[in-house]
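So the chains spell out like this:
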Amino acid sequence: MTTVAGVFKLAIQHHQAGRLPEAEALYRQILQAQPDHSDALHLLGVIAHQVGKHEIALEYITRAIALNPAAEYHNNIGEAYRALARLNEAGASFQQALALNPVFAEAMNNLGAVLQAQGKLEEAVAHFQRALAIRPAYVDAHCNLGKTFIKKGEFERAVLHCRQVLAFQPGSPAAVNDYAVALFLAGEFEILAGFIEELHANPVNQINRDQLMGLHVLAAMTCYLRGKFDLCRENLELGMLDLSSPDEFLNRKVLVAFRDFLVALLDFHKSRPAFYAQGLDAETDYYAIGDSHCLSPAWAAIKLQGARNRITPYLIIGCKAWHLAKPENSRAKQWLRTIYERIP
């Protein structure tokens, strides 16, 4: 006769292989023979969470915790709470997991994700960094750190962690997206252009053509900000948008708007080629800093005191006056400080 231990081992194998119905049936078989089998209850809850039945997951894992308050159980019930947007209960569950196991990297990372969702970005960063101190190659923690630094406006630090994620997952569409967006926000336009060109020449396994074409919209924005209008137009012609973004200001709707705006600007350039040529050839820069409005006068020639100058754009997406008027620090203010540091 097959023992409970043997059935449980087989159920785990099915579960790890993604055969969830088979695993679920075996966990239920175990519970018929041994109703207080806490691992079977816990893993039934995990399967319920995996298939989106988060309330049912809470029921099973709560029963498992009553039998055996293990750190892993608290972590997984926290994930179910987080999926239901019950962030306070999720945070308390992850804290309980860490109280039981202070070097539980997953719980540390998950608590950081809750803190990030609650807007407690400094605390979130600290937890992600602790998770990486426990497990330096923890991809999810690097990914979360990159996204949190984007929210904080610390784009150069975001680039470092997004690059790490890409090194671990070179074929991941999400990793490619996050790295490209971080480079754009950090103003690393030359690196971004080279990265997209390399992807176009040698697309990695999981990057589909639609996503690659979507990245060309970012490349077009990059080219315009560098005054490379022909390359901007080429990328716009390639850029059929299918790009997700970790940045709330640089979402799909905004990128579509920028694509259409750049098309209109380039058409305007056609009618005044000499005017913009004079601007690009000028040796002195005057800077237009702001949201999309900074692109309208960009690269135009202006005369001041008899000298010809050009207007060089610095884009802060989504930045309005009220973002800068608020007394607290913000990503818009951090972005503006970064620009000031780059202006000669």
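(A) Up close: the packing of aromatic side chains. In total, this model carries five aromatic pairs according to the counting rule given. Judged by centre distance (6.2 Å) and plane angle (50°), the rings of Phe8 and Tyr27 are tilted. One end of the pair, Phe8, is in helix H1 (residues 4-16); the other, Tyr27, is in helix H2 (residues 20-33), with 19 residues separating them in the sequence. On the basis of relative accessibility, which here comes to 18%, the residue Phe8 falls in the buried class. Its relative accessible area of 0% is what places Tyr27 among the buried residues. Relative to Tyr314, the ring of Tyr287 lies with its centre 5.7 Å away and its plane at 50°, an arrangement referred to as tilted. Within this pair, whereas Tyr287 is found in strand E1 (residues 284-290), its partner Tyr314 is found in strand E3 (residues 307-315), the two being separated by 27 residues in sequence. Overall, the relative accessible area of 30% leaves Tyr287 in the partly exposed class.

(B) Structural context of the environment of Glu59. By secondary structure assignment, the location of Glu59 is in helix H4 (residues 54-67). It is 36 Å that separates the C-alpha atoms of Glu59 and Phe168, two residues lying 109 residues apart in sequence.

(C) The state of the cysteines, seen in detail. Applying the stated criterion to the full structure yields zero disulfides. This cysteine, Cys143, is not joined by any disulfide, and Cys162 carries the nearest cysteine sulfur, 6.9 Å off. Judged by its relative accessible area of 18%, Cys143 falls in the buried class.

(D) View of the side chain of His54. Here His54 lies in helix H4. For His54, the residues in contact, after removing those within four places along its chain, are Ala48, His49, Ala80, Ala83 and Leu84.

(E) Up close: the pattern of salt bridges. Counted by the stated rule, this structure contains 13 salt bridges. With a shortest N-O distance of 2.8 Å, Arg82 and Glu79 are connected by a salt bridge. Separated by three residues within a single helix, Arg82 and Glu79 lie in helix H5 (residues 71-83), roughly one turn from each other. Given the relative accessible area of 29%, Arg82 is considered partly exposed. For Glu154, the salt bridge goes to Arg157, with nearest N and O atoms at 2.9 Å. Among the charged side chains, a network of salt bridges with common partners joins Glu122, Lys152, Glu154 and Arg157.

Parameters at a glance
Residues numbered from 1 in each chain as written. Predicted model: local features only at pLDDT ≥ 70, side-chain atom pairs only at ≥ 80, totals over all residues. Heavy atoms only, no water. Phe/Tyr/Trp six-rings, centres within 6.5 Å; stacked < 30°, edge-to-face > 60°. Helix = DSSP H or I, 4+ residues; strand = E, 2+ residues; numbered from the N terminus. Buried < 20%, exposed > 50% of the residue type's maximum accessible area, 1.4 Å probe, protein only. Disulfide = S-S within 2.5 Å. Contact = heavy atoms within 4.5 Å. Salt bridge = Lys/Arg side-chain N within 4 Å of Asp/Glu carboxyl O.

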